Amino acid sequence: MKKNDMLVHKNKLKSINELFNLESSFHIIAGPCAVESIEQMEQTAQLLAKNNLKFIRGGAYKPRTSPYDFQGLGLEGLKILDHVRKKYGLIVVSEILDPRDLETAIDYVDIIQIGSRNMHSYSLLKEVGQTKYPVLLKRGMMATIEEFLNAAEYIVSNGNTNVILCERGIRTFENSTRNTLDISCIAIIKKETSLPIIADLSHSLGRTDIVFPILKAVEAVGADGAMLELHPEPEKALSDQSQQLNHNEFTAIIKRFNVK
Ligand code: PEP
Ligand code: MN
């Protein structure tokens, strides 16, 4: 199929979704890499509420490179997310890895994340496509823009137009960042499709010291928002320690960025 014939193509989709209002210009989705405890998520939720931010993230099912690393709290993690979303009126974004977890997750999560490693999991894409739940689809770390759009097309062509795309960096030879954030991908997707796209600055950069300038860059290129990992004590985090902002760093970035 030619790109122009795809449902995701510019002006083909009428509705995006209610949670992700494209009129309000830039959305920040922030929270820890993994849900680790109720205290950690309470602290995160309080920080977001204080900064008038409405999206919280946190993985309950973690796709770890090593099977011996922390795999997430699973259902207990989902329950913690549900607790903070109710208490603080937040919108929860969380990843599922397995289509069999979808039915459970939708009771606790507002936006289902499909991670980079699962962008090619066609059974998962079809499964979420057959629901109306908002989906945040991350670009595969080895996927071209066309493959990324085809993955979104799997969801949309199954009937679910509530898709938010996320550029999270691709693998290149460069090793001063964890992945290479593909800024052009954001501009191309804004030009060619009707879908919102955000940039994940934590999994792309893998470091905290250049988050602010890159945040400005993704805003300038037309991104609808950004995802940022943060942790009350990043050095004690059970995953992705080096890329999680501490609360002071996060507050400073948000204040300086002046989220609209
Ligand atoms: C995540 O957002 O928790 C995550 C694992 O990211 P990615 O799929 O982009 O690696
Ligand atoms: Mn992470």
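Just above, that's the structure.
In this convention, every chain numbers its residues from 1, walking through the sequence in written order. Whichever chain is written first becomes A and whichever ligand is written first becomes 1, with later ones labelled in order. Since the coordinates come from a predicted model, pLDDT governs what is reported: local features require at least 70, and pairs of side-chain atoms require 80 or more to be given and counted, while whole-chain, interface and lining totals use all residues. Note: side-chain values were computed over all heavy atoms of the structure, leaving out hydrogens and water.

Visitor: So what about the packing of aromatic side chains? Which residues, and what values?
Guide: Each Phe, Tyr or Trp ring, with Trp reduced to its six-membered ring, pairs with another whose centre is within 6.5 Å; inter-plane angles below 30 degrees give stacked pairs, above 60 give edge-to-face pairs, and intermediate values give tilted ones. On inspection of all chains with the given rule, the structure shows 2 aromatic pairs. With centroids separated by 5.1 Å and ring planes inclined at 65°, the aromatic side chains of phenylalanine 26 and phenylalanine 257 adopt a geometry described as edge-to-face. Of this pair, phenylalanine 26 sits in the segment before strand E1 (27-31) while phenylalanine 257 sits in helix H9 (residues 247-257), placing them 231 residues apart in sequence. For the exposure calls, accessible area comes from a 1.4 Å probe over protein chains only, and a residue counts as buried if that area is under 20% of its type's maximum, exposed if over 50%, partly exposed in between. With relative accessibility at 4%, the residue phenylalanine 26 sits in the buried group. Residue phenylalanine 257 is classed as buried on the basis of its relative accessible area, which comes to 4%. Secondary structure elements follow DSSP: runs of H or I no shorter than four residues count as helices, runs of E no shorter than two count as strands, and numbering proceeds from the N terminus.

Visitor: I'd love a proper account of the nonpolar core, names of residues and values included.
Guide: If you look at the biggest cluster of nonpolar residues, it comprises 66 residues, and the most contacted ones within it are Ile28, Leu137, Leu165, Leu201 and Phe250. The biggest single contributor to this core is helix H5 (residues 145-157), with 7 residues. The residues contacting leucine 165, other than those within four sequence positions of it, are Leu137, Phe148, Leu149, Ala152, Ile189, Leu195, Pro196, Ile197 and Ile198. Core analysis: the second largest hydrophobic core is formed by 10 residues, Val93, Ile111, Ile164 and Met227 among them. Here, the term nonpolar core denotes a set of buried Ala, Val, Leu, Ile, Met, Phe, Trp, Tyr and Cys residues that are joined through side-chain atoms within 4.5 Å. Contact definition: two residues touch when any of their heavy atoms are within 4.5 Å.

Visitor: Tell me about the state of the cysteines, and please be specific about residues and values.
Guide: Disulfides are defined as pairs of cysteine sulfur atoms found within 2.5 Å of each other. Under the counting rule described, the total for this entry stands at 0 disulfides. Lacking any disulfide linkage, cysteine 166 is separated from the closest cysteine sulfur, that of cysteine 185, by 9.6 Å.

Visitor: Explain the sheet that holds strand E2 (residues 55-57) residue by residue, including any values.
Guide: Sheet strands pair via backbone hydrogen bonds, and the direction of the pair is either parallel or antiparallel. The sheet built from 8 strands closes into a barrel, its strands ordered E1-E2-E3-E4-E5-E6-E7-E8 with parallel pairing. Looking at each pair of strands side by side, their axes are set apart by 25° on average, direction ignored. As paired strands, strand E5 (residues 135-138) and strand E6 (residues 163-167) are joined by 4 bridges and run parallel to one another. Across the sheet, residue valine 135 finds its bridge partner in E6, namely valine 163. By the convention used here, strands pair only if DSSP detects at least 2 bridges between them. A fitted line through C-alpha atoms serves as each axis, taken over the contacting stretch for helices, and the angle formed by two N-to-C directions is quoted from 0 to 180°.

Visitor: Can you break down the coordination of the manganese ion (ligand 2) residue by residue, with the values?
Guide: Geometry reference: four tetrahedral donors at a metal, ideal angle 109.5 degrees. Six octahedral donors, ideal angles 90 or 180 degrees. Nitrogen, oxygen and sulfur within 2.8 Å of a metal are treated as its donors, or within 3.2 Å for sodium, potassium and calcium (Na, K, Ca); water is not counted, so a site can appear incomplete. Within the protein, the manganese ion (ligand 2) binds to Cys33 (SG), His203 (NE2), Glu229 (OE) and Asp240 (OD); these donor distances fall in the range 2.0 to 2.3 Å. Read N to C, the donor residues that coordinate the manganese ion (ligand 2) are spaced as C-x169-H-x25-E-x10-D. Note that histidine 203 is positioned in helix H7 (residues 201-205) and aspartate 240 in the loop between strand E8 (225-229) and H9, a separation of 37 residues in sequence.

Visitor: Describe the site of ligand 1, listing the residues and the values that go with them.
Guide: Throughout this document, a residue counts as near a molecule or strand when at least one of its heavy atoms sits within 4 Å of that molecule or strand. All residues in the neighbourhood of ligand 1 are listed as Arg57, Lys62, Pro63, Glu95, Gln113, Gly115, Ser116, Arg117, Lys138, Arg168 and His203. For this analysis, a polar contact is any N or O atom pair within 3.5 Å, provided that within protein one partner can donate a hydrogen and the other can accept it, and provided that sequence-adjacent residues contribute only side-chain to side-chain pairs. A distance of 2.9 Å separates an oxygen atom of ligand 1 from a polar atom in the side chain of glutamine 113. A distance of 2.7 Å separates an oxygen atom of ligand 1 from a polar side-chain atom of arginine 168. Only the protein chains shown count as cover for residues, and all accessible areas are computed by the Shrake-Rupley method using a 1.4 Å probe. Considered on its own, ligand 1 offers 290 Å² of accessible surface; in the complex 97% of this is hidden by protein. Note that Gly is not counted as nonpolar here; it falls among the polar residues with everything else outside the nonpolar set of Ala, Val, Leu, Ile, Met, Phe, Trp, Tyr, Cys and Pro and the charged set of Asp, Glu, Lys and Arg. Within the shell around ligand 1, the residues separate by chemical class into 1 nonpolar, 4 polar and 6 charged.

Visitor: Before we move on, can you summarise the pattern of salt bridges with the specific residues and values?
Guide: What counts as a salt bridge is simple: a side-chain nitrogen of Lys or Arg found within 4 Å of a carboxyl oxygen of Asp or Glu. All told, the structure shown has 14 salt bridges when counted by the stated rule. Among the ionic pairs, glutamate 42 bridges to lysine 87, the shortest N-O distance being 3.1 Å. With glutamate 42 in helix H1 (residues 38-50) and lysine 87 in helix H2 (residues 75-88), this residue pair connects regions lying 45 residues apart in the sequence. Owing to a relative accessible area of 13%, glutamate 42 belongs among the buried residues under this scheme. Notably, a salt bridge pairs lysine 236 with glutamate 233, separated by 3.0 Å at the nearest N-O pair.

Visitor: How would you explain the environment of threonine 131 if you had to name every residue and give the values?
Guide: Along the chain, threonine 131 turns up in the loop between helix H4 (122-129) and E5. For threonine 131, a relative accessible area of 16% gives the class buried. Along the primary structure threonine 131 and threonine 161 are separated by 30 residues, whereas in three dimensions their C-alpha atoms are 9.6 Å apart. A polar atom in the side chain of threonine 131 sits 2.8 Å from the backbone oxygen of valine 128.

Visitor: Describe in detail H5, supporting the description with residues and values.
Guide: Each helix should span, by expectation, one fewer than its residue count multiplied by 1.5 Å. Spanning 13 residues, H5 covers 18 Å between terminal C-alpha atoms, matching the ideal 18 Å at 1.5 Å per step. Residues of H5 that are buried: Ile145, Phe148, Leu149, Ala151, Ala152, Glu153, Ile155 and Val156. Residues of H5 that are buried sit in contact with H4, E5, E6, helix H6 (183-192) and strand E7 (197-200). In the stretch just after H5, glycine 159 is the one whose phi turns positive, near 115°.

Visitor: Report on unusual backbone geometry, specifying residues and quantitative values.
Guide: Of note, the phi angle at asparagine 52 is positive, near 60°, even though the residue is not glycine. Positive phi, close to 45°, is recorded for aspartate 240, a residue that is not glycine. Looking at aspartate 240, the relative accessible area reads 19%, which means it is buried.

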